[in-house]
Amino acid sequence: MTHMANSVGWMDRAKDDPEVVKLRAHLEKNNGITGLEILKPDDVEHAVKRFHRDGFVVIGDVLNNDQISMLSEGCNAVINEILAMDADRQGNRGSHRYSFGGSSMTRSQLHRPEWQMLLDIPVVHTLLEAIFGSPDYILRAASGDFCLPGAVDYQPLHADVRDWADDRFSKFSAFYDPSGQISIRDLPTPYICINFLPQDVTRLNGPTRQIPGTQKSRARIPGLTEEPEWMRLSTVCPAPAGSIMIRDTRAWHGGTPNVSDAIRSIPNLELYAPWFREPIVPGITYQDFKKLSERAQRLVQFSVVDSSEELDTSTTMRAP
Ligand SMILES: O=C(O)CCC(=O)C(=O)O
Ligand SMILES: [Fe+2]
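Everything numeric here is computed off the predicted structure, so don't read it as measured data. (Residues numbered from 1 in each chain as written. Chains lettered and ligands numbered in written order. Predicted model: local features only at pLDDT ≥ 70, side-chain atom pairs only at ≥ 80, totals over all residues. Heavy atoms only, no water.)

## Topic: the sheet that holds strand 4 (residues 138-147)
Worth spelling out the cut-off: Note on pairing: DSSP must find at least two bridges between two strands before they are called paired. The helix and strand labels rest on DSSP assignments: H or I over at least four residues marks a helix, E over at least two residues marks a strand, and numbering proceeds from the N terminus. Contacts are assigned to residue pairs with any non-hydrogen atoms lying within 4.5 Å of each other. Every angle, taken between N-to-C directions, lies between 0 and 180 degrees, and every axis is a line fitted to C-alpha atoms, over only the stretch in contact when it is a helix.
Strand order across the open sheet formed by seven strands is 1-2-7-5-9-4-3, with mixed pairing between neighbours. Edge positions in the open sheet fall to strand 1 (38-39) and strand 3 (97-99), since each of these has one partner strand only. In terms of strand pairing, strand 4 meets strand 9 (residues 264-272) through nine bridges, oriented antiparallel. Within strand 9, the position partnered with Asp-145 by the bridge is Ile-266. Contacting strand 1, strand 2 (56-59), strand 5 (191-196) and strand 7 (244-248), helix 2 (residues 44-54) crosses the sheet at an angle of about 145° to strand 2.

## Things to note about the side chain of Ser-303
Examined against the element boundaries, Ser-303 turns out to sit in the segment after helix 8 (294-299). Ser-303 has contacts with Leu-110, Leu-139, Ile-280, Pro-282, Gly-283 and Ile-284, leaving out every residue within four places of it along the chain.

## Here's the deal with the state of the cysteines
For the record, the criterion: Cysteine sulfur atoms are paired as a disulfide whenever they fall within 2.5 Å. Buried means the residue's accessible area, taken with a 1.4 Å probe over protein chains only, is under 20% of the maximum for its type, while exposed means over 50%, and partly exposed covers the values in between.
All chains considered together, the criterion is met by zero disulfides. In this structure Cys-75 is not part of a disulfide, and its nearest cysteine sulfur, from Cys-147, lies 12 Å away. Considering cysteine sulfurs only, Cys-147 is the nearest to Cys-237, which forms no disulfide, with 12 Å between them. Of the residues examined, Cys-237 reaches a relative accessible area of 2% and is grouped as buried.

## Regarding the coordination of the iron ion (ligand 2)
Which entries qualify depends on this criterion: In this listing, donors mean N, O and S atoms no farther than 2.8 Å from the metal, or 3.2 Å for Na, K and Ca; water is missing from the atoms, so a site can look incomplete.
Donor atoms from the polypeptide that bind the iron ion (ligand 2) are His-158 (NE2), Asp-160 (OD) and His-253 (NE2), placed at 2.1 to 2.3 Å. Sequence positions of the donors to the iron ion (ligand 2) reduce to the motif H-x1-D-x92-H. With His-158 in the loop between strand 4 and strand 5 and His-253 in strand 8 (residues 253-254), this pair connects stretches of sequence that are 95 residues apart. Overall, the relative accessible area of 4% leaves His-253 in the buried class.

## Overview of the packing of aromatic side chains
As a reminder, the rule being used: Think of it this way: a Phe, Tyr or Trp ring, Trp meaning its six-membered ring, pairs with another when their centres are within 6.5 Å, and the plane angle makes it stacked under 30 degrees, edge-to-face over 60, tilted otherwise.
Under the criterion given, the structure shown has eight aromatic pairs. Plain terms: the ring middles of Tyr-286 and Phe-289 are 6.0 Å apart, the flat faces sit at 25° to each other, and that makes the pair stacked. Within this pair, Tyr-286 and its partner Phe-289 are both found in helix 7 (residues 286-291), separated by three residues, close to a single helical turn. Judged by its relative accessible area of 37%, Tyr-286 is partly exposed. Here the aromatic cluster, defined as three or more aromatic residues joined through ring pairs, consists of Tyr-98, Phe-100, Trp-115 and Phe-146.

## Let's talk about helix 5 (residues 122-132)
All of the buried residues along helix 5 are Val-123, Val-124, His-125, Leu-127, Leu-128, Ile-131 and Phe-132. Gly-133 sits one or two residues past helix 5 and shows a positive phi near 70°.

## Things to note about helix 2
Filter applied, for reference: By arc we mean the arc of the directions from the helix axis to the C-beta atoms, nothing more.
Turning to helix 2, its buried residues number three or more, namely Val-44, Ala-47, Val-48, Arg-50, Phe-51 and Asp-54. For helix 2, the buried positions fall inside an angular range of 165° around the axis, keeping them on one side. Opposite the buried face of helix 2, at more than 90 degrees from it, the exposed residues are Glu-45 and Lys-49. Taken from the residues just after helix 2, Gly-55 is the one with a positive phi, measuring 85°.

## A look at unusual backbone geometry
Across the junction of Cys-237 and Pro-238, the peptide omega takes the value -5°, indicating a cis bond. Despite not being glycine, Asp-61 shows a phi value in the positive range, around 55°. Inspection of the secondary structure assignment puts Asp-61 in the loop between strand 2 and helix 3 (65-83). In this model, Arg-89 sits at a positive phi of 60°, which is unusual for a non-glycine residue. Tracing the chain through its elements places Arg-89 in the loop between helix 3 and strand 3. According to the relative accessible area criterion, Arg-89 is buried, its value standing at 12%.

## Brief notes about the pairing of strand 4
In terms of burial, strand 4 is a largely internal element, eight of the ten residues being buried. When strand 3 meets strand 4, the two strands line up antiparallel, connected through three bridges. Within strand 4, the position partnered with Tyr-98 by the bridge is Phe-146.

Laid out in structure tokens, this is it:
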């Protein structure tokens, strides 16, 4: 067991600061999407419908207890390395907020066995194949996020893909319509993120907020000062450890306050639709690749380091 003090957060804003106490009471009472459905792993048809309607869906009982412990220990090991480099808890996604991938030179944690384990969960493939309508989706990265107790600020709502209709000269543009008629939001989902929950996600520990049905919206995403309260409370909780959250990365979402006593981690796999690509940074050695199942090898085929090259997996606060 990797031990970790859960007092790793809270510094400038005290746990019993009156504003924090007030926020905690407010969240305890009001946080969470009303009637959030947690589907069963074999409820594939329903999951696909929900995903296309809402831009996300939650499935329970995907990880067993051994997988939950392994993933949780893997997260804690990485978190310990990152926090050792960030005494002030400045984070790399806002104060007390971090990206697992953004903290590795590979922009990924695919070199770790705990994230490799996620590549080989049959129900995940059944769901992805049903959503993409094809088995030929490809891994982009194995990453995720965590927030510490004391992450009291909201992360602004955002999408994880750019809307290329507004950003047409980006050198990373993989989709660009010169006539300006079609944007990435007019297409089927280009890229999915699956977050795996190694602990319960509660009203208080920083549940991700998801705004249902925004994956195809062309509206401007509201900033923190214009965001209505119902959106701030539109969080994916309560959800038990072992669940997964499957997200269309175009849907509006963001981090929320962690005013609990414990770290909340949401390690992930990020997957491109068969027809969509952006540059992929290799994250797994050929030796590790050879140990994976055939199914997992197909998934990571563009993430393997050439056998003659070294993989720099060192921890950094800001990946290149
Ligand atoms: O931590 C979360 O709940 C969401 C984080 C996120 O969406 C991001 O950093 O892109
Ligand atoms: Fe995000």
